[in-house]
Amino acid sequence: QEAADTNKHKKRVPKGTSDYQATWIRDDDSDNEGDVEVVSSEDEQDGDMAPRYSDGGSDLDEDAVTIEDTDVDHMSIANDNQYDSHIDQTAEMQQLQLLKSEREDRMFPDEVDTPLDVLAKTRFARYRGLQSFHSSPWDPKENLPSNYARIFQFENFSHTQKRILSSAESDNNILVGWYIIIHIDKVPSSFSDNWKVAGKPLVVVGLLEHENKMSVLNFVLRRTLHHTLPIKSKERLIFHTGLRRFTAPITFSQHTTGDKHKYERYFRSNSTVVASIFAPIEYRPSPVLVFKELPNGVHTLVATGSLLSVDADRINCKKVVLSGHPFKIQKKSAVIRYMFFNRGS
């Protein structure tokens, strides 16, 4: 019995540790061979048996932090089956699909797979090959719909703006601080009755020449920092510019020089793009605030910018790159597999 006790050495382990687990815990006496007697921290009262760490650290009683009698085994979550009842699963799936599409477009810009069930010449019939994106000719009046003729166009927007603004300053005989009387003809009685009931002030705005006509406005926009979700092109947004507020579907393109500009499928974070919309004519300088309506009806600011031009002849080209797997590469040609799937393509 005395020989057996001599071969054993005591080891302090956390409460609840089994004998098998205790054999894997090392201490300063790990070089000693023999049996291990497990001593719980609550059962041992002898101060001489305090173990030390194998790396020469301080005593467990002095530096270690002991957590005892912590009731963490009885945690429960109320209403486990109803924690996501307020979440719209359809909206969540649409947002997830939008994030995936934006990430794929960022990793593989302009790459499009040829469809399996449609001929490539039918799918890409509206596209053309350009030898040079910057120098190849492109007629802006080509293949336009008939309704496009209703859009007002300027021969020289900068010259027209300069003439109109200078004429407005010379013809304006009303100074700031004057009290004037305005007579408005042909006002509907319904408007007058509603205005009297509401009791709100009436704001009168004067329009310059051509500002009552519709054209294509191009704004330079930059994303705000707090809104990080991608915005897809052709999405309807809310515009606040001057004293006007309206909603319009938007088309994004790169802010570059030249007569052709590459179409952007998404308005990404920390980027600057040109947004083209169909709206009433305005003149520079004209700052703009762009809002997006959330599913709960709240308007959040997504971009800020200013008016770039009023140009209906701006060409926004959608670029497409057909991808495939290189099979054989020669000096002046290559054989690409999986680019077309039909003989008629």
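Preceding this section is the structure that the text describes.
Below is a summary of the structure that appears in this document.

1. Description of the overall build of the protein
Alright, step 1. Broken down by element type, the protein carries 7 helices and 17 strands.
Alright, step 2. For the protein, the proportion of contacts with a sequence separation of at least 24, taken over those separated by at least 6, is 70%.

2. Topic: the packing of aromatic side chains
Pairs of aromatic rings are described using the distance from one ring centre to the other and the angle between the two planes.
Alright, step 1. Going through the model one piece at a time under the given rule, you end up with 7 aromatic pairs.
Alright, step 2. For the pair phenylalanine 124 and tyrosine 127, a centre-to-centre distance of 5.8 Å together with 70 degrees between the ring planes defines the contact as edge-to-face.
Alright, step 3. The class of tyrosine 127 is partly exposed, set by a relative accessible area of 29%.
Alright, step 4. Each residue in the set Phe152, Phe154, Phe157 and Tyr283 is aromatic and connected to the rest through ring pairs, giving one cluster.

3. Considerations on the sheet that holds strand 11 (residues 272-280)
Alright, step 1. The mixed open sheet is built from 9 strands, whose spatial order is 7-6-12-13-4-11-8-9-14. In this open sheet, the two strands that pair with only one neighbour each are strand 7 (244-249) and strand 14 (315-317). For this sheet, the mean inter-axis angle between neighbouring strands, taken without regard to orientation, is 40 degrees.
Alright, step 2. Bridging between strand 12 (residues 287-293) and strand 13 (residues 299-310) involves 7 bridges; their strand directions are antiparallel. Among the inter-strand pairings, proline 287 is bridged to a residue of strand 13, identified as serine 306.

4. A short note on the side chain of threonine 300
Alright, step 1. Within the fold, threonine 300 resides in strand 13.
Alright, step 2. Note on threonine 300: relative accessible area 13%, which makes it buried.
Alright, step 3. In this view, threonine 300 contacts His226, His227, Val290, Phe291, Lys292 and Leu294; residues no more than four positions away in its chain are not counted.

5. Observations concerning the nonpolar core
Alright, step 1. Grouped together as the largest cluster of nonpolar side chains are 26 residues, with contacts concentrated most on Leu221, Phe239, Ile250, Ile277 and Val290.
Alright, step 2. Elements with a minimum of two residues in this core: helix 6 (157-171), strand 4 (214-223), strand 6 (236-241), strand 7, strand 11, strand 12 and strand 13.
Alright, step 3. Excluding residues within four positions of it along the chain, isoleucine 277 makes contact with Ser215, Val216, Leu217, Phe219, Phe239, Phe246, Ala248, Pro249 and Ile250.

6. What to know about the pairing of strand 11
Alright, step 1. Judged from the 9 bridges that link them, strand 4 and strand 11 form a sheet pairing that is antiparallel. Following the sheet pairing, phenylalanine 219 is matched in strand 11 by alanine 275.

Conventions we followed
Residues numbered from 1 in each chain as written. Predicted model: local features only at pLDDT ≥ 70, side-chain atom pairs only at ≥ 80, totals over all residues. Heavy atoms only, no water. Helix = DSSP H or I, 4+ residues; strand = E, 2+ residues; numbered from the N terminus. Contact = heavy atoms within 4.5 Å. Phe/Tyr/Trp six-rings, centres within 6.5 Å; stacked < 30°, edge-to-face > 60°. Buried < 20%, exposed > 50% of the residue type's maximum accessible area, 1.4 Å probe, protein only. Pairing = 2+ DSSP bridges. Axes fitted to C-alpha atoms, helices over the stretch in contact; angles between N-to-C directions. Core = buried A, V, L, I, M, F, W, Y, C linked by side-chain atoms within 4.5 Å.

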